[in-house]
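# Structural description and commentary
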Amino acid sequence: TFAEIFELQTIKDPMNRNRLFAVGKYQIIPSTMREIFPHSGLKLTDKFTPENQDILGSLLVVGNEETGYAKRARLAAFIRGESDDWHAAMLDFAREWASAPDPRKAGNVSVYGSGNRASHTKEEVYAALLAAREQYAINQSLNNNTSSVVTQLETRQKQLQDQITNLNSRTYGNISTSELTAMREEITKLEQELASVTVQLNSELASQNATEAHANG
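Heads up: these notes are all about the structure in this document. (Residues numbered from 1 in each chain as written. Predicted model: local features only at pLDDT ≥ 70, side-chain atom pairs only at ≥ 80, totals over all residues. Heavy atoms only, no water.)

In this section: the nonpolar core. One finds I28, M33, I36, L56 and L60 to be the most contacted residues of the largest nonpolar core, which totals 14 residues. Looking at this core, the element that brings in the most residues is helix α3 (residues 50–62), giving 3 residues. Those residues in contact with L60, other than ones at most four positions away along the chain, are Y26, I28, T32, I36, K71, R72, L75, E96 and W97. The next biggest cluster of nonpolar side chains, apart from the first, holds 13 residues, and it includes L75, M90, A94 and L129. (Core = buried A, V, L, I, M, F, W, Y, C linked by side-chain atoms within 4.5 Å. Buried < 20%, exposed > 50% of the residue type's maximum accessible area, 1.4 Å probe, protein only. Helix = DSSP H or I, 4+ residues; strand = E, 2+ residues; numbered from the N terminus. Contact = heavy atoms within 4.5 Å.)

With that settled, the discussion passes to the pattern of salt bridges. For side chains bearing opposite charge, pairing can occur when the charged atoms are close. One pass over the full model with this rule turns up 10 salt bridges. R72 serves as the salt-bridge partner of E96, at 2.8 Å between the closest nitrogen and oxygen. One end of the pair, E96, is in helix α5 (residues 86–96); the other, R72, is in the loop between α3 and α4 (73–79), with 24 residues separating them in the sequence. Residue classification places E96 among the buried residues on the basis of a relative accessible area of 14%. Salt-bridge contacts for R80 lead to E82; the nearest nitrogen and oxygen are separated by 3.9 Å. Shared partners join several salt bridges into a network, and the residues in it are K71, R72 and E96. (Salt bridge = Lys/Arg side-chain N within 4 Å of Asp/Glu carboxyl O.)

Structure representation (structure tokens):
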């Protein structure tokens, strides 16, 4: 669990076999974990799964738009399409991951010096940033389109529910048998449409959730 990760990352003794420092797919160090975790929506009892690690990874790259949090603001702005300053984005990226090169220096040198050498070239990082920016734009477009469809379906669902309620209330009035039969037939048609709309709505919501999960990845 994340609670266990936090506990093991507090161990300072480098000889302690239980000590954890940089953890997971995104090699998150203790200070970064403490900073980003409150913005993740995750709980301490949640497992350190690949999916939950991707949530943290997304925080490191694009931040949390709902709360306005961004650990690396210039990186997040570039990926979101809010800035075209790729150099600043690359520098932010290099400051977060020592395996990325410092764009200000010749060769593939880590921001953190001390003999560290980046394991990726500037060209590779630039291409990765552009790909992430493009994928983010695609995901946002899909989210917006799905949200529009969901809104329309929710509106129609409410209309149908109101119509059915209204017709049901009228069947108790002083009406003829033929009128009652017609109302019940109309109610049946509306209920069938409502069922269809509900199925479509659930499908769109599932698609939206899947898209959001992919975006977090």
